[in-house]
Amino acid sequence: MGNVFAVTNQKGGVGKTTTTVNLAAALSEYGKKVLLIDLDPQGNATTGCGLDKNEIDNSSYEVIMAEARAADTIITPEGLGFDVMPTNSDLTAAEVELLEIKLREHRLRIALESTREKYDYVLIDCPPSLSMLTVNALVASQGILIPIQCEYYALEGLSSLLRTIERVKQRANPKLDITGLLRTMFDARNNLANQVSRQLINHFEGKVFHSIIPRNVRLAEAPSHGMPVLAYDRGSRGSIAYMALASEFMRRQQKANG
Ligand SMILES: Nc1ncnc2c1ncn2[C@@H]1O[C@H](COP(=O)(O)OP(=O)(O)O)[C@@H](O)[C@H]1O
Ligand SMILES: [Mg+2]
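Since we're looking at a predicted model, the values are computed, not measured.

Please explain the sheet that holds strand β2 (residues 34-38) as it appears in this structure.
Ordered by their spatial adjacency, 7 strands build an open sheet running β3-β2-β4-β1-β5-β6-β7, and the pairing between neighbours is parallel. Both outer strands of the open sheet, β3 (83-85) and β7 (208-214), are each paired with one neighbouring strand and no more. Each neighbouring strand pair of the sheet contributes to a mean axis angle of 25 degrees, computed without reference to strand direction. Contacting β1 (4-7), β2, β4 (121-125), β5 (143-149) and β6 (177-186), helix α1 (residues 16-29) crosses the sheet at an angle of about 165 degrees to β4.

Shown next, in the form of structure tokens:
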């Protein structure tokens, strides 16, 4: 669990997938060996890494259901720089099927036990819900990254996420910790964004990443080309922001691990 991180927020469209893909790319740019796990049945991270969802035989679904070994589902897409455990819509069924299964909250943790040691970092892109899939990600993780779009309702859903994290800590994973809250799609000219940003900093003290991800059209365009922004437009503000985040993330990590 020491190197596994869940990128989660039950709100949709806050930048989870964008963050998972581009942080994975930035960390690998720094020479780290990274595995991205797509745990959202929508499979946006899978397609964002240039993979065709329809051509995937073994996905994170088979891993969660113990029908395939993690190692047998992992793909190393050419030119991407990091490995991917893809998904497809089969994973939707896992939500329901998991409810019938013993140790259902521990499936992913168990499945990753030997695989994760081959990587410096494993990043899990979570679905926009506090479902059994998200709980599996939290049980398998050491840290949590929470992307937040600084707008009016941003803080509203946060309390139920924090409750879920607390429950997972008590019941299954006492070492789980919030690595950082990440301000995404940030527009510094927007007063409300600045106000929400200040609230976050007041409320979560040292947990808010100094790095801020600006709103940047290159970040929105890159997935339709099936590549991280670093490959699509290296010099863009989006690329630079995710490189800065990766560097801050690694520093935090080293500190946390003593
Ligand atoms: N910093 C950004 N600037 C511009 N567009 C962004 C940015 N981050 C994400 N987007 C776009 O916003 C939408 C939602 O982002 P996404 O990462 O898919 O969110 P989530 O995974 O939380 O649902 C996507 O269309 C994505 O391309
Ligand atoms: Mg997503």
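Now that the structure has been shown, the text picks up again.
Help me understand the site of ligand 1, please; the structure alone is not making it clear to me.
Contacts to ligand 1 come from 17 residues, most closely from G15, K16, T17, T18 and A220. Secondary structure elements with two or more residues in the shell around ligand 1: α1, β6 and α10 (217-221). If one sorts the elements of the shell around ligand 1 by residue count, α1 sits on top with 3 residues. Grouping the constituent residues of the shell around ligand 1 by class yields 7 nonpolar, 8 polar and 2 charged.

How should I be thinking about the environment of I240 in this particular structure?
Looking at where I240 falls in the secondary structure, it is placed in helix α12 (residues 237-256). Judged by C-beta crowding, with 17 C-beta atoms within 10 Å, I240 ranks as partly exposed. For I240 and D40, which are 200 residues apart along the polypeptide, the C-alpha to C-alpha distance reads 26 Å.

Definitions and limits used
- Residues numbered from 1 in each chain as written.
- Chains lettered and ligands numbered in written order.
- Predicted model: local features only at pLDDT ≥ 70, side-chain atom pairs only at ≥ 80, totals over all residues.
- Pairing = 2+ DSSP bridges.
- Helix = DSSP H or I, 4+ residues; strand = E, 2+ residues; numbered from the N terminus.
- Axes fitted to C-alpha atoms, helices over the stretch in contact; angles between N-to-C directions.
- Contact = placed C-beta atoms within 7 Å.
- Near = placed C-beta within 6 Å.
- Nonpolar A, V, L, I, M, F, W, Y, C, P; charged D, E, K, R; others polar.
- Buried ≥ 20, exposed ≤ 12 C-beta atoms within 10 Å, placed from the backbone.

The values are spatial; any link to function lies outside them.
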